[in-house]
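Listed below are the residues making up each chain.
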Amino acid sequence: MHAPRPAAPALSRRSVLTAVGALGLGGLLSACGSDGDKDSDGGSSANSSAGGGTWRFKDDRGTTVEADRAPKRLVAFVGAAAALHDLGIECTGVFGPTKLKNGRPDPRAGGIDVDKVTILGNTYPQFNVERYAGLRPDLLIAQMTDPPALWYVPEESAEKIESLAPSVGILTTKSSLTHVIDRFADLAKSLGADLTADPVTSAEKRFKSASANLRRAAGAARAKGSGGLKVMVVSASADILYVAAPDAFTDLRYYESLGVEFVTPSKTGAGGFWQELGWENADMYEADLILVDDREGNLQPADLKKTKPTWARLPAVRADLTFPWAAEERYSHAGYAPRIEQLAAALGQSEPVTS
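Here the structure is a predicted model, which means the values were calculated and not measured. (Residues numbered from 1 in each chain as written. Predicted model: local features only at pLDDT ≥ 70, side-chain atom pairs only at ≥ 80, totals over all residues. Heavy atoms only, no water.)

Chemist: Hey, could you run me through the sheet that holds strand 5 (residues 93-95) in this one?
Modeler: In a beta sheet, neighbouring strands pair by backbone hydrogen bonds and run either parallel or antiparallel. Pairing in this open sheet of 5 strands is parallel, and the strands run 6-5-4-7-8 from one edge to the other. Both edges of this open sheet fall to strand 6 (118-119) and strand 8 (167-171), since each of them pairs with a single strand only. This element, helix 2 (residues 78-86), spans strand 4 (74-77), strand 5 and strand 7 (139-144) of the sheet and lies at about 120° to strand 4. Its contacts with the sheet place helix 5 (residues 177-190) against strand 7 and strand 8, and it is angled at close to 160° to strand 8. (Pairing = 2+ DSSP bridges. Helix = DSSP H or I, 4+ residues; strand = E, 2+ residues; numbered from the N terminus. Contact = heavy atoms within 4.5 Å. Axes fitted to C-alpha atoms, helices over the stretch in contact; angles between N-to-C directions.)

Chemist: Just to check I follow, could you spell out unusual backbone geometry for this structure?
Modeler: Peptide bonds are, in most cases, trans, and in most cases residues other than glycine have a negative phi. The omega torsion of the bond from Tyr-124 to Pro-125 falls at 5°, within 30 degrees of zero and hence cis. Residue position: Pro-125 is located in the loop between strand 6 and helix 3 (129-134). Cis rather than trans, the peptide bond between Pro-147 and Pro-148 has omega equal to 5°. Within the secondary structure, Pro-148 is located in the loop between strand 7 and helix 4 (158-162). Within the chain, Tyr-152 stands out as a residue other than glycine whose phi angle is a positive 75°. Looking at where Tyr-152 falls in the secondary structure, it is placed in the loop between strand 7 and helix 4. Take Tyr-152: its relative accessible area is 1%, and that puts it in the buried class. (Buried < 20%, exposed > 50% of the residue type's maximum accessible area, 1.4 Å probe, protein only.)

Chemist: Got a minute to help me understand the packing of aromatic side chains in this structure?
Modeler: Aromatic ring pairs are defined here through the distance separating the ring centres and the angle between the ring planes. By the definition in use, this model includes 16 aromatic pairs. Arranged with centres 5.0 Å apart and planes meeting at 55°, the rings of Phe-95 and Phe-127 form a pair that is tilted. Here Phe-127 lies in the loop between strand 6 and helix 3 and Phe-95 lies in strand 5, a separation of 32 residues in the sequence. Given the relative accessible area of 0%, Phe-95 is considered buried. (Phe/Tyr/Trp six-rings, centres within 6.5 Å; stacked < 30°, edge-to-face > 60°.)

Chemist: Hey, could you run me through the environment of Ile-112 in this one?
Modeler: Residue placement: Ile-112 occurs in the loop between strand 5 and strand 6. In this structure Ile-112 touches Val-78, Ala-81, Ala-82, His-85 and Val-117, once residues within four positions along its chain are discounted.

Chemist: Before we go on, may I ask you to explain the sheet that holds strand 10 (residues 240-244) in this structure?
Modeler: A sheet is described by the order of its strands in space; here 5 strands give the open sequence 11-10-9-12-13, paired in mixed fashion. Single-partner strands in this sheet number two, and they are strand 11 (274-278) and strand 13 (322-325). Geometrically, the sheet is characterised by an average inter-axis angle of 35° between neighbouring strands, direction not taken into account. In the packing of helix 11 (residues 333-349) onto the sheet, contacts are made with strand 9 (231-236), strand 12 (289-293) and strand 13, and the angle to strand 12 comes to roughly 145°.

Chemist: What is the right way to look at the packing of helix 6 (residues 198-222) against helix 11 in this model?
Modeler: Helix-helix packing is described using two parameters, namely the angle between the two axes and the distance between the axes. Close contact between helix 6 and helix 11 brings their axes to 8 Å; oriented N to C, the two are set at 20°. If you check the angle between helix 6 and helix 11, you find them roughly parallel. Pair helix 6 / helix 11 crosses with left-handed handedness. Note on element contacts: helix 11 touches helix 6 through His-333, Ala-334, Tyr-336, Ala-337, Pro-338, Ile-340, Glu-341, Leu-343, Ala-344 and Leu-347, opposite Ala-203, Glu-204, Arg-206, Phe-207, Ala-210, Ser-211, Asn-213, Leu-214, Ala-217, Ala-218 and Ala-221. Here the residues of the contact of helix 6 with helix 11 are counted per class, giving 15 nonpolar, 3 polar and 3 charged. (Parallel < 35°, antiparallel > 145°, perpendicular 65-115°, else oblique. Left-handed = near helix turned anticlockwise from the far one by under 90°. Nonpolar A, V, L, I, M, F, W, Y, C, P; charged D, E, K, R; others polar.)

Chemist: What am I meant to see in the pairing of strand 8 here?
Modeler: For strand 8, the buried fraction is high: 4 of the 5 residues fall into the buried class. Judged from the 5 bridges that link them, strand 7 and strand 8 form a sheet pairing that is parallel. Note on strand 8: the bridge partner recorded for Leu-140 is Ser-167.

Chemist: Honestly, the nonpolar core in this entry has me stumped. Any pointers?
Modeler: With 110 residues, the main nonpolar core has Phe-95, Tyr-255, Ile-290, Trp-311 and Leu-347 as its most contacted residues. Excluding its chain neighbours within four sequence positions, the residues that come into contact with Trp-311 are Val-234, Leu-241, Trp-279, Ile-290, Val-292, Pro-301, Leu-304, Lys-305, Val-317 and Thr-322. (Core = buried A, V, L, I, M, F, W, Y, C linked by side-chain atoms within 4.5 Å.)

Shown next as structure tokens:
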């Protein structure tokens, strides 16, 4: 099967994992339940840095992981590993979309040298448990869309995987984009990252500048025509057009807070992430600009235009106002600054095309 769509039907049907903690290797690490700290968002009060004696980090399941020292042998979902890489923390192993079919790095790998990390599985539900154990992992790190399940950790082997090392889960949906970025920064700092390093601070400055530009572009877009510009975000498969609910996706929520006006589906499926439309109903919503999930395995505008007549008839498609959407960008300032810049440019290039 293809990699799971973010919180799409295939993932939302997965049963919730009951085990959120695991025993560490050699007694080095231990995963504890909620320690009574009322800081439910896993704030810095629950975390300590690599240089502060006992290492501890409270994740977004309310689980606190502790160790005698900061974990060094890290294994992470590739998107989480890419975010940590931007902050100066490298992972030994990764799982999830790391290489494309042509062998080149998947965009989700960010700046990771994909030839220097151990890849435990490139597509869902691949996860080589024996190879994982051979890495002698100190910590497993993954994003979450449906807590407490860890993104891309296969349900059928999750218990075995989580028995080999403690894990940290960072919630990346239905939250603030800046909060999620900060959570990865908190984790990186606890692992020894220098958040004052020039690459880190430069990326943050670019992110803030891009956000200010998007706010201005969104304001200009609202002034266009009589009703401004409506943006629809979709993911396309052979049988279904998925229309994203902007409030469910962390990046879209952030763009909305900056003034971007999105199409909001009238109803969504399990999890509240998407409305599924048969292609005969692809024109249910009017949009002046369409953002299309650009991950490998999803249909792209050029193919859709050739194969889906209802898509080809959409006003935004006829006006060539479709742009890529990185549905699984890494959660760092370096990852999102270019995406925000691209959206601001797309808004600037667009004009109202719906009545």
